[in-house]
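Overview (structure and organization)
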Amino acid sequence: MNVIDRYLEQVEKVIAQGPFSDDWQSLKRRRIPEWFSKGKFGLFIHWGCFTVPECESEWYPRQMYYPGTRSCKHKEARYGRNADYRQIAEQFNPQKFNAGEWLDLFQSSGAQYIMPVGEHHDGIKMYQSELNRWNTVEMTPHRDFMRELHDACDKRNMPFLISNHRAEHYWFLNGVRKNFPNSEALGEEYRDLYGDCALEPDGGIKHDSGKLVPTEAWLRDWLATACEMVDKNKPCGVFFDWWIQQLPFRPYLKKFLAYYYNRAAQWGIEPVVFYKYNAAMQGTAVFDVERGQVQGIAREPWQCDTSIAKNSWSYTENNQYKTAYDCITNLIDVVSKNGCLMLNVGPRADGSICPQEREVLRRLGSWLKVNGEAVFDTEPFTVFGEGKKQSGGAFCENLHYSTRDYRFTYKTGAIYVFPLSQRARREFRIKSLCRDNNRGITYRIKGVSLLGSSRPVRWSQNPLYMKLTLDKKVPADLPLCFKIEID
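A brief structural summary. (Residues numbered from 1 in each chain as written. Predicted model: local features only at pLDDT ≥ 70, side-chain atom pairs only at ≥ 80, totals over all residues. Heavy atoms only, no water.)

**Observations concerning the overall build of the chain**
If you tally the helices and strands in the chain, you get 15 helices and 16 strands. A compact globule built from 487 residues would reach a C-alpha radius of gyration of about 23 Å, and the chain, at 24 Å, matches this within 12%. With the principal axes as the frame, the chain shows a C-alpha extent of 75 × 55 × 45 Å. Across the 487 residues of the chain, 62% fall into the buried class. Partitioning the contacts of the chain with sequence separation of at least 6, the portion at a separation of at least 24 is 72%. Carbon and sulfur atoms provide 46% of the accessible area of the chain, an area that totals close to 19,500 Å². Considering the chain, the positive charge centre built from 66 side chains and the negative charge centre built from 59 side chains are found 8 Å apart. (Helix = DSSP H or I, 4+ residues; strand = E, 2+ residues; numbered from the N terminus. Rg over C-alpha atoms; globule rule 2.2 N^0.38 Å. Buried < 20%, exposed > 50% of the residue type's maximum accessible area, 1.4 Å probe, protein only. Contact = heavy atoms within 4.5 Å. Areas by Shrake-Rupley, 256 points an atom, 1.4 Å probe, with all protein chains shown as cover. Lys, Arg positive; Asp, Glu negative; His and termini not counted. Charge placed at Lys NZ, Arg CZ, Asp CG, Glu CD.)

Put into structure tokens, the structure is as follows:
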């Protein structure tokens, strides 16, 4: 019996002992933890051996095997035409990484939890593993980065989550099979690093046509390694990328959810699992949208994962960065729809964090110190806002707003109003808060204030809109927030 089979025996025993079994009805009994639903804002961290070249994106290990791509040209110039990913990955030696310094920065941003990548599509684990030798504890520099980050979180009483992208490793490096037939990746010595390098049955390189089906051996490997990941790291949450939506994963995903939820019960952890598209049944885990939105207020808390960099999740020398305004309006829009934002940071290969991302995190933190009461531990209002309605779905970010765009959040006794435009003005007209029984509000308004300011706010209502007026125009390079106290 091999190590995968032995681990899966343990998985079955834990599932059999309950309280969760591997069926949707049982899994739906899980509850979304308050640390997540009230926290609203966390940080994703894309960092690993794939960062070494600091070129193109975190998909460098795949693209380097496709002639003509930027990554392949970079590989040829820096490492040689026949270089393989192993030779690059083994150069990962982040001398500037300091988990405590990272957490100091992350907490200063206002983030309530963090989620580093535990294993990306390249198949290398950032923690100790007995199932695969390609982990940073057995490689240079012989460090368990997830343990170091978890320990730093524990010192600050901050939830530690982890992401798993191993499903895609089945095909991720298939360019080597198509374009470099003499590569070490196709031999047995390094099969445990490069994976199956699977092509479609017709030899194609696509991974989303439905023709590429994972083998049972791969599915068993995926389940065992995912379960070992939670055993080794005891995270409060687990994120899976998109390929687990393939139907063959479904019974294995149910087993993972039952195993993790049962383990979390043993450890005294309130867990959360994130999935994309239709990978899991509604109500059994938390729905996630990558670089996108839902159109309206969701019934259950959901998550948007996006990155400070527009073009990559990992650090590259040519990254283009969003502004603090972009990130804050994204946070507001997500929270107004009952969502939580997981904003990604991409540290450099040496373990440092670039000045552009540090500045965005600093400004986020400063803004949340003033306006955090309108974000953390809030609920959606009866409508999420007015003006622009984002298109629902992944990869459709549109973060430009006009003076007609507002978003709302709510706490008992208060409505919070965010004008999203950066235009300085002194008058704000909000149709959704007009005095009307059906399309507005009829609460008794006790007072209106501008968070972080002693500036008086005059207000009035009519059947068309509520008007808020300041004594003079206020700069709005970052969004303002009005607090309307009601009874």
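**Focus on the sheet that holds strand β11 (residues 414-419)**
Taken in spatial order, the 5 strands of this open sheet run β9-β10-β11-β16-β13, and their pairing is antiparallel. Unpaired on one side and paired on the other, β9 (385-386) and β13 (445-450) mark the two borders of the sheet. With 6 bridges connecting them, strand β10 (residues 406-411) and β11 associate as antiparallel partners. Pairing of Tyr410 across the sheet is with Ile415, part of β11. Against the sheet, helix α14 (residues 324-336) contacts β10 and β11, and its axis sits at roughly 55° relative to β10. (Pairing = 2+ DSSP bridges. Axes fitted to C-alpha atoms, helices over the stretch in contact; angles between N-to-C directions.)

**Observations concerning the sheet that holds strand β12 (residues 425-430)**
Across the sheet, which stays open at both edges, the 3 strands sit in the order β12-β15-β14 with antiparallel pairing between neighbours. Two strands bound the open sheet, and with one partner strand each, they are β12 and β14 (458-461). Across the sheet, the mean angle from the axis of one strand to that of its neighbour is 20°, orientation sign disregarded. Across 4 bridges, β14 lies against strand β15 (residues 466-474) in antiparallel orientation. What sits directly across from Gln461, in β15, is Met466.

**Regarding the environment of Pro235**
Note on placement: Pro235 falls in the loop between α12 (216-233) and β4 (237-240). As for Pro235 and Val272, which are separated by 37 residues in sequence, their C-alpha atoms are 9.2 Å apart. If we ignore the near neighbours within four places in the chain, the residues touching Pro235 are Phe160, Leu161, Ile162, Val230, Tyr260 and Ile269.

**What to know about the state of the cysteines**
Considering all chains together, one arrives at 0 disulfides under this definition. Looking at Cys72, it has no disulfide partner, and the nearest cysteine sulfur is the one in Cys55, 11 Å off. When its relative accessible area of 1% is taken as the criterion, Cys72 is described as buried. With no disulfide of its own, Cys354 lies 12 Å from the sulfur of Cys327, the closest cysteine sulfur. The class for Cys354 is buried, based on a relative accessible area of 3%. (Disulfide = S-S within 2.5 Å.)

**Describing the nonpolar core**
Among the nonpolar cores identified, the biggest contains 126 residues, and Tyr85, Phe106, Trp222 and Phe256 are the most heavily contacted of them. Phe106 has contacts with Leu43, Ile45, Ala111, Ile114, Val345, Ile353 and Leu361, leaving out every residue within four places of it along the chain. Ranked by size, the runner-up nonpolar core spans 23 residues in total, among them Ile430, Met466, Leu470 and Phe482. (Core = buried A, V, L, I, M, F, W, Y, C linked by side-chain atoms within 4.5 Å.)

**A closer look at the packing of helix α7 (residues 99-108) against helix α15 (residues 355-371)**
Closest axis-to-axis distance for the α7/α15 pair is 7 Å, and the angle between their directions is 45°. Accordingly, the angle class assigned to the pair α7 and α15 is oblique. In this structure, α7 contributes Leu105, Phe106 and Ser108 to the contact, and α15 contributes Arg358, Leu361 and Gly365. Split into classes, the residues belonging to the contact of α7 with α15 amount to 3 nonpolar, 2 polar and 1 charged. (Parallel < 35°, antiparallel > 145°, perpendicular 65-115°, else oblique. Nonpolar A, V, L, I, M, F, W, Y, C, P; charged D, E, K, R; others polar.)

**Topic: the packing of aromatic side chains**
Think of a pair of aromatic rings as described by two things: how far the centres are apart, and how the planes are tilted against each other in angle. As enumerated under the stated definition, the model contains 37 aromatic pairs in all. Ring geometry for Phe381 versus Tyr410: centroids 6.3 Å apart, planes at 35°, classification tilted. Of this pair, Phe381 sits in the loop between α15 and β9 while Tyr410 sits in strand β10, and the two are 29 residues apart along the sequence. It is Arg29 that lies over the ring of Phe20; its NZ or CZ is 5.0 Å from the centre. (Phe/Tyr/Trp six-rings, centres within 6.5 Å; stacked < 30°, edge-to-face > 60°. Lys NZ or Arg CZ within 6 Å of the ring centre and 35° of its normal.)

**Considerations on unusual backbone geometry**
Where the residue is not glycine, phi is negative for most of them; where a peptide bond is considered, it is trans in most cases. With an omega dihedral of 15°, the bond running from Gly18 to Pro19 counts as a cis peptide bond. The residue Pro19 is located in the loop between α1 (3-16) and α2 (24-27) in this model. Note the cis peptide between Thr140 and Pro141, where omega equals 10°. Secondary-structure assignment places Pro141 in the loop between β2 (113-119) and α8 (145-155). Unlike most non-glycine residues, Asn157 shows phi in positive territory, near 55°.

**What about α15?**
The end-to-end C-alpha distance of α15, which contains 17 residues, comes to 24 Å, matching closely the 24 Å that a straight helix rising 1.5 Å per residue would cover. Where the residues of α15 are buried, they touch β1 (41-45), α7, α14, β8 (339-345) and β11. (Expected span 1.5 Å × (residues − 1).)

**Observations regarding the pattern of salt bridges**
Counted by the stated rule, this structure contains 32 salt bridges. With a shortest N-O distance of 2.7 Å, Arg166 and Asp221 are connected by a salt bridge. With Arg166 in the loop between β3 (161-164) and α9 (169-172) and Asp221 in helix α12, this residue pair connects regions lying 55 residues apart in the sequence. With a closest N to O distance of 3.4 Å, Lys337 and Asp333 form a salt bridge. A relative accessible area of 0% places Lys337 in the buried class. Take Asp333: its relative accessible area is 1%, and that puts it in the buried class. Members of the salt-bridge network, linked through shared partners, are Glu119, Lys125, Arg166 and Asp221. (Salt bridge = Lys/Arg side-chain N within 4 Å of Asp/Glu carboxyl O.)

**A word on the packing of α7 against α8**
At a closest axis distance of 9 Å, the pairing of α7 and α8 adopts a crossing angle of 50°. Classified by the interaxial angle, the pair formed by α7 and α8 is oblique. In this structure, α7 crosses over α8, and the sense of that crossing is right-handed. Packed against α7, whose contacting residues are Ala99, Gly100, Trp102 and Leu103, the element α8 presents Glu148, Leu149, Ala152 and Cys153 at the interface. A breakdown of the residues in the contact of α7 with α8 according to their chemical character gives 6 nonpolar, 1 polar and 1 charged. (Left-handed = near helix turned anticlockwise from the far one by under 90°.)

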